[in-house]
Every structure is written in C-alpha cells, then in structure tokens.
Amino acid sequence: MLCNHCGTSFFPTLKEPEYETAHATKEALAFYLEQGAGIDVMAEPLAAIDSSKVQRYLEIGCGFGFSLDFARSVFGWSVQGIDPGFAANFGREMLDLPIASTYLRTPADAGPEPFDLVLCSEVVEHVFEPLGFLEILRGVLAPGGTLLLTTPNAGAIAPDTPAGILVPLLSPGYHVTLYSRAGFEALLRRAGFTAVQVTEHGPTLRAAVSMTEGTADLSRRLDRDRYIDYLRERARAIAPDTPLGLGLRYRRLKELTHAGRFAEAEEAARQVVEACRARFGFDLDKPGELLAWTDWPADLAAFHARGPFSLCGILYCLGMLAWLHHGNRDLARTCFQAAAMAGEHARAVLQKIGADDGETDDLTWRARGYAAQILAWTNPAAAADAVERFETEPSLVLKERIPLGILADVRQETFTTLLNLGHYAVADRLALGVERDLPTRTLGQTASVTFGLGILCLNHRKAAKMASTWFAKAHEASRRLLAAAPEQAMALLWPALYHQALALVQAKDKNGAAEAVSVLLDPSASPAVPPDIVEQAKALARTHRLAARGV
C-alpha cells in the first residue's frame, strides 16, 4: 500500500520472518564477507559525529559487526552490538566483538548505561511498530546523544532502477515499510526527537536525530585514507584464503584502484591473486582461462566452491591496473570481459535465493563498457559497433538492459577516446546519442562532451558556427564548475574560449572572435589565463587582424 500524502509504501499483510535463521548458510555468509558487506557504507554515517564526543557506542542490527569493529579500531570507542541474526554470531567470534544475540524490546536490553551514539542501520524498515521502537532507542541515549539511522529510500523505486539495486531495496518478505524522505522525517518527529535531519543518498535515506541541535553533520564524508588503513590492519590478523581475509583484501584493492594509488594497488592485487590461487586453484594472472569457462556454477554453493563472490570486482580492478598502470590494453580488455561474465553469473545465483548485489551489477556493465572502449585503439569501428549494441541487445545470462546512466557514461567515454585518437568519422556515429544524453550529465561531463562536439564540428563536419556554439557551452559549464572543482574546471575553461574564437574566425564572425580573444587577453581575468593560451590568442588576433583589446 502507498501513502498518498508522503509516498511511503508499506505491506500490511507481511508476517514477521525469523531473523535468527534468515540466510543462515555458510555460502550466504561467504557472499556477505567477500562482497556483499559495504563496510565503507556502514561506517560512513559515523563520520557525521565528532568522534571526540563519543565514548560509548551502540549498534542495533549490527550484523557481522564491521561498523562496531571500525568504530573500536579507528575511534577507540567502547562498543556494544545487538543482533539476533546468523551473521552476528560469527562476527562476535571472528572479530572478538561484544554482540548480544537478542532483540531490543526495552531500553534495559541495551544495558544499564546510556550511549553517546546509537546507530540503527537498515533495521527500522523491518519493524512492525516503528514508533514504539524509536521511543525505545530514544530511551537508550545519553543526554545530548545522537541516534543515526539508515533505511531504504522509497523514492528510489522506479521502472529504470537497476535490478542490482532494486532487489535489495525491496527485499521481498523482509521489508514491511519503505519510507519516503518526508514520511521518515515525520515518523522521527512523532517519536519525540526535536532535532531531525534526513538526507537522500541514492537508494538510501540517512537520518541523524537527537534532543539537541548541532550534534551531527550528515554532509561529512568517511575519511577514505583511514578506511584503507583499517582494511590493511584488520586483514593482517586474518588468513588471506578465508572469506573474511579475502574480502578485506579485495576491498582494499578496490579502494586503492579507485583512488588511483596504483603502486599500492599492485601490492594489494598480488595478495588477492595469491589468495585465489591458494583457495580456488585458478590463476587470475591468466584471465583468459576464466573467460573460457563454459560450466559456470548454477547455484550459490557451487559458485562458492568455484570462486569468490567478489570475482567480478577483482577482475575489474586487475583490468584497471593493466590498462591505466601498465598500459596493457589487451590484458585489460580480457580482464574486463572476464569480470562481466563472472559478475552476471554471480548475480544469477544470487537471484535464485531472492538476493542481488548492486555493486556487482554496476561493475559488470562498466566492465563491458571499458572492453568496448579499449577497441578504439585497434578497431575504432568495432568500438562504436559495441556501444551501439548496448542500446539494443540485452545481457547474455540475465537478459537485462544496460542502465541508462551507465550507457551514457560508456557512450561519452568511447566518443571522447575516438575523438582524441583522431577517428572523427567513427566518433560521429556516437555524437547524436552523446548530445541526447547531455541533460543527464554533470557539469564536468557537460564541459567535456560539449568541447568534444565542438572539436567534431570544427575538424570533421566543417560546421564552424555550430562548433563555436558548442565551445561556448563548454566554457560556460567550466565556469559554473569552478567553485566546486577548480582543477577540473581549469582543464577546459580557457581552451574552450580559445577554440570558440578560432571557430568564429572560420565562421567569418570577426567581431565575435575579437570579443572572445579580448577576454583571453584581459590581465584581470579570473582565474588567470595560462600563458600558452594568451600567446595563442595573440597569434590568432594578429594573423586574422582581429580588433581585440590587449593585442
């Protein structure tokens, strides 16, 4: 049922499941440890709090206990968890955590002392009487304490939501209520909290509530360096060929790869490759052998016996290292193809138990996209063919369509690569789609795309007037980006204006060209125009006798 006032959805006929035995298999736990647990996502809400203000920390529904372990290891807090579930029993033993296998039915169930901080992540959507539950949580807070909550965002439910996000968001049979932002905020205020913040993070709502203003700032983000250090230190005590040990090492590899810290990522990759060789007997240094597999496991247990549930992500990172660190595009393409195949088969076995994984969904499609983009260096027409097929052909195993946002990314990146390599005619095949995607692009992407369209019009289509329009758009997007990302904005801010002047000269609009050059030669321009562009602008003005100021 749907609340017409606030958009919250609820299932009045749902029966409460037995959480003590939910997903109680070693394979489900292995998936969680190797891939499913978003440790950074779990820990990020803690960044909203000044860690020096917290001594006692309670987490309701802590699961395996990664957030508790992070808080204890990184912040030095005294921690307590409450969770009756299957994973919590293993986390208590493997991470040596104080987790009570019970339900929180009264404040006394949390112990005699109040807590400075309470985290309740992905729990309230399971609760049949949320108002009473929130009042209990309010009762365990110390004066001035803060309650942090996360819950699925009903606003993220849409026909085009990728299955890897939609299935965990809905969790059929487990989520009794899916809150909208307005509905969640109203519930928290009804529970008696006077200071309430609720923000949307894609498919998740985050909230910070208390009886005192200013105890939390949800705009703060997790310190990624501290997170990477936590993964390294925690992994040292765990054998690498176990699900927990491999999962920790893979997450560190992923973080270092995304951060562009490739030398460190290389070392992290070696640990993961060796762990997979020891545990599963295959060699990730030879991804072509995995790509040749024809007998992919058909269920969760068989998959776990054959390879890690993070196989897609591991291969994706290895592909990035081969491409961006070693310049080995052939190896990178093979890694990406193997990553896409592994990811789709992993999701297929997860869907058989009513689960899915959003990150694997995302990386599977992005790996396919990079495999197509890499063809631009050796077979540009094949690269464009592959991108065009994404629009019409479903995936091989799950028969899914590529998410529109990822399609736009793949099309833009391949278009830009083709342009940079001088394959203008092939890039022109993707130009209409790239232009159609513009309303969905960020400012940085808009600057890049419009600059590329300007180059295409100027150098290939010989449409100088249209080129000047695209360059003007690139300059404006870069100008708007300055405050948020100055370094990124400066990459195209003044080159776009210079190319606009160049295009206007070719369009025989000398007045417009002179005005653009005058801006480039203005000594008071802010930010300052780079000296090389100043010299190019002067040369353009002299060569074409432009009546520009400052020549």
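I will try to describe carefully the structure that is included in this document. Fair warning: this is a prediction, and the values are worked out from it, not measured in the lab.

**Considering the sheet that holds strand E4 (residues 99-100)**
If you trace the seven strands from one edge of the open sheet to the other, you get E4-E3-E2-E5-E6-E9-E8, paired in mixed fashion. This sheet does not close on itself; its edge strands, each paired only once, are E4 and strand E8 (195-201). With five bridges joining them, strand E2 (residues 56-60) and strand E3 (residues 78-82) adopt parallel strand pairing. Each bridged residue has a counterpart across the sheet, and for Arg56 the counterpart in E3 is Ser78. Sitting on the sheet, helix H7 (residues 181-190) touches strand E6 (141-152), E8 and strand E9 (204-210), and the angle it makes with E8 is about 160°.

**Let's talk about the pairing of E2**
Of all the five residues making up E2, four are buried; the element is thus mostly covered by neighbouring parts of the structure. The parallel pair E2 and E3 is bridged by helix H3 (residues 66-75), and the resulting crossover is right-handed. Where E2 lies against strand E5 (residues 115-121), four bridges are found, and the strand directions are parallel. Within E5, the position partnered with Ile60 by the bridge is Cys120.

**A look at the pattern of salt bridges**
Summed over the entire model, instances satisfying the criterion amount to 35 salt bridges. Notably, a salt bridge pairs Arg236 with Glu233, separated by 2.9 Å at the nearest N-O pair. Placement of both Arg236 and Glu233 in helix H8 (residues 224-236) is noted, with a separation of three residues, approximately one turn of the helix. Note that Asp428 is salt-bridged to Arg461, the shortest N-O span being 2.6 Å.

**A word on the nonpolar core**
Leu284 and Phe336 are the most contacted members of the largest nonpolar core, which totals 51 residues. Contributions of two or more residues to this core are made by helix H1 (26-36), helix H9 (243-258), helix H10 (262-280), helix H12 (300-306), helix H13 (311-325), helix H14 (329-351) and helix H15 (358-374). A per-element tally of this core places H13 first, with eleven residues. What Leu284 contacts, discounting residues up to four positions off in sequence, is Val273, Cys276, Leu290, Leu311, Ile314, Leu315 and Leu318.

**Focus: the state of the cysteines**
Counted by the stated rule, this structure contains zero disulfides. The thiol sulfur of Cys276 is not disulfide-bonded, and the nearest other cysteine sulfur, from Cys317, lies at 12 Å. Free cysteine Cys317: the closest other cysteine sulfur is in Cys312, separated by 9.4 Å. A relative accessible area of 1% places Cys317 in the buried class.

**A word on helix H24 (residues 531-544)**
The first and last C-alpha atoms of H24 sit 20 Å apart over 14 residues, in line with the 20 Å expected at 1.5 Å per residue. All buried positions along H24 are accounted for by Ile533, Val534, Ala537, Leu540 and Ala541. The buried side chains of H24 occupy one side of the element, clustering within an arc of 125° when seen end-on. Away from its buried face, by an angle of more than 90 degrees, H24 presents the exposed residues Pro531, Arg542 and Thr543. Taken together, the buried residues of H24 touch helix H22 (493-506) and helix H23 (510-520). Remark: Arg545 follows H24 within two positions and exhibits a positive phi of approximately 50°.

**Some details on the side chain of Ser67**
Residue position: Ser67 is located in helix H3. For Ser67, a relative accessible area of 1% translates into the label buried. In contact with Ser67, other than residues within four places in its own chain, are Met42, Ala43, Leu46, Tyr57, Glu59 and Leu119.

The rules we used
- Residues numbered from 1 in each chain as written.
- Predicted model: local features only at pLDDT ≥ 70, side-chain atom pairs only at ≥ 80, totals over all residues.
- Heavy atoms only, no water.
- Pairing = 2+ DSSP bridges.
- Helix = DSSP H or I, 4+ residues; strand = E, 2+ residues; numbered from the N terminus.
- Contact = heavy atoms within 4.5 Å.
- Axes fitted to C-alpha atoms, helices over the stretch in contact; angles between N-to-C directions.
- Buried < 20%, exposed > 50% of the residue type's maximum accessible area, 1.4 Å probe, protein only.
- Right-handed = clockwise from strand over helix to strand, strands pointing away.
- Salt bridge = Lys/Arg side-chain N within 4 Å of Asp/Glu carboxyl O.
- Core = buried A, V, L, I, M, F, W, Y, C linked by side-chain atoms within 4.5 Å.
- Disulfide = S-S within 2.5 Å.
- Expected span 1.5 Å × (residues − 1).
- Arc of directions from axis to C-beta.

Don't take any of this as a statement about function, it's just geometry.
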